[in-house]
Amino acid sequence: MSKQADLHPVDQVPPAAKTVVLSIQHVLAFYAGAVVVPLVIAGGLNLSAEHTIHLINADLFTCGIATIIQSVGFWKVGVRLPIIQGVTTTAISPIIAIGLAVTGPDGGVEGLPYIYGSIIIAGLFTFFAAPFFARIIRFFPQVVIGTVLATMGITLLGVSAGDIINRVDEMNPPQPIAMKSIAYAAGTLLIIILVQRFFKGFMGTISVLLGLVIGTGVAVALGDASFAQVGSSEWLGVTTPFYFGWPKFALTGAISMIIVMIITMVETTGDVFAAGEIVGRRITKAHIASALRADGLSTTLGGVLNSFPYTCFAQNVGLVRLTRVKSRWVVAAAGVVMIILGIIPKAGAIVAAIPGPVLGGASLALFANVALVGIQMLSKVDLHDARNAVIVTTSLGLAMLVSFKPDVASVFPPWAQIFFASGVTLGSITAIVLNFLFFHVGTQSGRDVTTSTRGHAIGLEEVNAMNRDQFVTTFSPLFNDQTWPLEIAWDARPFADVQELRSAIQEAVLTANPDRQDALIRDYPDMEELLLSNEEEAAAISRDIGSLALEHMNDSEQEQVREISRQYREKFDLPFVACLTTMDSRQQIIDKGVRRLENSVAQERIVALSEVVEIANDRFAIMLANANPIRSAWARKFEQLN
């Protein structure tokens, strides 16, 4: 026992019985999200029930292996944290597009070798690109990732619609859309909504699974679904490498899957940071590289073992927070459970028996959430910047054009059709290319950044040539007294453009150790101190325009601010710090404080750091405006309209 107590909670091994129960809970939390992917892909490619069952079992089997690789790890592969690996929904639309580009609208297994060839190449790319990912992530800012995710979610809703309008009884010939099909889909969606509304914690995480189980149960009771295939399935069966034939390779298919993996690399990075925060382990570049290598290796194995691309499952990261069980060995045991399920064809047959409309109702909720994540990301993007607006509108417009009128692809040469066969592929490539064109090509790298004490403009070339002390002194106005983020950001030179400089400073704040982060937050004034000061005092406290733009608060509002600040300090042991904009009203600030008091301690630290980063962003914008007076004057003409 003493040896266990000396270990970090991540490395401790709970008692066997507890480990089994907790591992099964992890499997239940991830199960619906995992099996939906092969089900939807099989439906999109019009595969038979036998082939669908094989895909489900291959998925579960490889999920187990991938989870063990990520949580247990070896060499420089695997982050060794309690993280479940599952098939990414991001890959669904491109995979279906690759298959249908080969087979035509009728689908079939003939497209699978090309799919698996593309997956293998994308997996190898991810494995070898892992240590260099930090260098290319600047080409995938929020405007690109948000556009891609929004496009994916919206496009995938068409797949859900196809399942919903299916006949419930698939033994009969195709017939017009039946009200019964709509009822099953609506009922499944309603169950998911009600579970999320009235249940918290673990029950809330399995709302999709409950929707699928209850919806299928009702269909069986009414004679609209059958488990006959379960009886004829084998009890034991192991997926064999290249079951559908040796992989075949197409350049365009490989490119589309590499784009998918780059997006999942961003997602994995976020999940690893979240997991590290939950278990109390500082995440370094080495951890990120190890996690991404595991993604790449697992994805390559997926191409070999008839499965799909892999990434970290965020819902299971949330389950770790919920249960407070931080042991990675619980997750490794969950991987063993998945492998066992993956070699039992009857388990896959049970899943394959889910009626199309029930699956459509559940996947509608899942895919709409993918779109929501993209929209949330875009809400943080400055869409007043015409460049960002062009990236979003052009990418979404072209993606929807291809989604609504897929025949557009037929006018292009065969080698190029795969780019236009999927709205996701076309939208993603458009967003990446336009972002590169607008933000990384031309004179952007030569733009002035700030001014010297003598008033002359300082460009990026001069910034890159600065020593550490000069750099810290030049950009010290971005922070108060704590300037260590600038010392860290200096190591990231040379900066190719202004955005890369800004990103280096942001990452320095967000990836530092907790003690430094807390010291940085405490270096900012509490909202009570700032908002209840007169103009002269506020000007001495803060150098930010937003903090000086508020009207005088009445007695009731002042008391609310004092009470929020008091409760905030008691709960979080930090000052209530917020980035104020010229558009913030008194009530908005109070409402924001009330909402933030509901956060957990871990979540609020992230929120507070984000506010500090936003303050630095505003100050950086002031620097840019002062260094570029013509551009600044033009922008201020529009600010006067507010």
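Figured I'd write up the structure that's included with this text. (Residues numbered from 1 in each chain as written. Predicted model: local features only at pLDDT ≥ 70, side-chain atom pairs only at ≥ 80, totals over all residues. Heavy atoms only, no water.)

1. Observations regarding empty space enclosed by the protein
Alright, step 1. For the structure on display, the rule yields 3 cavities of 30 Å³ or more.
Alright, step 2. If you go around the largest cavity, the residues you meet are Leu478, Phe479, Arg502, Ile505, Gln506, Val509, Val613, Ala616, Asn617 and Phe620.
Alright, step 3. Looking at the lining of the largest cavity, the elements that each hand over two or more residues are α24 (498-510) and α30 (601-627). (1 Å grid on protein atoms, 1.4 Å probe; cavity = no way out; pocket = protein on both sides within 12 Å on 5 of 7 lines; lining within 4 Å. Points joined across faces, edges and corners; volume = space filled by probe spheres on them. Helix = DSSP H or I, 4+ residues; strand = E, 2+ residues; numbered from the N terminus.)

2. Quick notes on unusual backbone geometry
Alright, step 1. Geometrically, the link from arginine 493 to proline 494 is a cis peptide bond, its omega value of 0° lying close to zero.
Alright, step 2. Of note, the phi angle at tryptophan 75 is positive, near 50°, even though the residue is not glycine.
Alright, step 3. Residue aspartate 573 is not a glycine yet carries a positive backbone phi of 55°.
Alright, step 4. On the secondary structure map, aspartate 573 appears in the loop between α28 (555-572) and α29 (586-597).

3. Remarks on helix α25 (residues 514-522)
Alright, step 1. Residues of α25 that are buried include every one of Gln517, Asp518, Leu520 and Ile521, and no others. The arc that holds every buried residue of α25, seen down its axis, measures 160°, which confines them to one face.
Alright, step 2. The opening residue of α25, the one whose side-chain oxygen lies 3.1 Å from the backbone nitrogen of aspartate 515, is asparagine 513. (Buried < 20%, exposed > 50% of the residue type's maximum accessible area, 1.4 Å probe, protein only. Arc of directions from axis to C-beta. Polar contact = N/O pair within 3.5 Å; in protein donor to acceptor, adjacent residues only side chain to side chain.)

4. Regarding the side chain of asparagine 480
Alright, step 1. With respect to the helices and strands, asparagine 480 occurs in the loop between α22 (468-475) and α23 (484-490).
Alright, step 2. Using a relative accessible area of 17% as the deciding quantity, one classes asparagine 480 as buried.
Alright, step 3. Within the structure, the side chain of asparagine 480 is placed 2.8 Å from the backbone oxygen of aspartate 523, a separation counted as a polar contact.
Alright, step 4. A polar side-chain atom of asparagine 480 sits 3.1 Å from a polar atom in the side chain of arginine 619.

5. Quick word on the packing of helix α18 (residues 386-404) against helix α20 (residues 423-439)
Alright, step 1. The N-to-C vectors of α18 and α20 enclose an angle of 160°; their axes lie 8 Å apart at closest approach. Between α18 and α20, the angle falls in the class roughly antiparallel. Judged by the sense of rotation from one axis to the other, the crossing of α18 with α20 is right-handed. Mapping the contact onto sequence places Arg387, Asn388, Val390, Ile391, Thr394, Ser395, Leu398, Ala399, Val402 and Ser403 in α18 and Gly423, Leu426, Gly427, Thr430, Ala431, Leu434, Asn435, Phe438 and Phe439 in α20. (Axes fitted to C-alpha atoms, helices over the stretch in contact; angles between N-to-C directions. Parallel < 35°, antiparallel > 145°, perpendicular 65-115°, else oblique. Left-handed = near helix turned anticlockwise from the far one by under 90°. Contact = heavy atoms within 4.5 Å.)

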